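As a plain string of letters, each chain reads:
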Amino acid sequence: MKLYWRIQNGTSEMAKFFQAKYQNSKGEWIEYYKKSSIWPGMKWVINEVHDHSRWIVGNGTKISIGKDIWIKEKALIDLYPKNAFLLQYPDMKVEDILLDGEWVIPSEILEMIEINELPVVNNEDDKRVWCG
């Protein structure tokens, strides 16, 4: 699990290599088979790491509005699996609802969250933290 965490969140040459080899163009980990002695073991912990980590919003460039845990205790798509807005925009990032460091929230998202749940934006890099 520690190795996967380091690869997922790291900037070392090893982390960049694994990210390039095992992530698709959207930054999601691949589901299909690729020859490796390490990758099968890492695939085994992806969901657990995702379920026990969350994002601290910086500039919103790395955070998926629907797929990542950033505002609630679960990802919005897990809480609202049939929400038309989330299904229509599966690749929307938090940065897409920020303008000059201020929240500009579409009404469709406001139906899922409360204004007081929105984090303070600091315009730094987004940071993933362990919360399990």
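Participant: Can you tell me about the layout of surface pockets, naming the residues and giving the values?
Facilitator: In this structure, the largest pocket occupies an estimated 1,000 Å³ of space. What lines the largest pocket is a set of 32 residues, and nearest its centre among them are Gln8, Gly27, Glu28, Asp68 and Arg128. Sorting the residues of the lining of the largest pocket by element identifies helix 1 (2-9), helix 4 (46-51), helix 5 (76-79) and strand 4 (127-130) as the ones contributing at least two each. Looking at the lining of the largest pocket residue by residue, the class counts come to nine nonpolar, 10 polar and 13 charged.

Participant: Talk me through empty space enclosed by the protein; I want residue IDs and the actual numbers.
Facilitator: Going through the model one piece at a time under the given rule, you end up with one cavity of 30 Å³ or more. Put simply, the largest cavity is a space of about 40 Å³. Lining the largest cavity we find His50, Ser53, Arg54, Trp55, Asp68, Ile69 and Arg128. With three residues, strand 1 (residues 53-56) is the largest single contributor of residues to the lining of the largest cavity. Partitioning the lining of the largest cavity into residue classes produces two nonpolar, two polar and three charged.

Criteria and thresholds
- Residues numbered from 1 in each chain as written.
- Predicted model: local features only at pLDDT ≥ 70, side-chain atom pairs only at ≥ 80, totals over all residues.
- Heavy atoms only, no water.
- 1 Å grid on protein atoms, 1.4 Å probe; cavity = no way out; pocket = protein on both sides within 12 Å on 5 of 7 lines; lining within 4 Å.
- Points joined across faces, edges and corners; volume = space filled by probe spheres on them.
- Helix = DSSP H or I, 4+ residues; strand = E, 2+ residues; numbered from the N terminus.
- Nonpolar A, V, L, I, M, F, W, Y, C, P; charged D, E, K, R; others polar.

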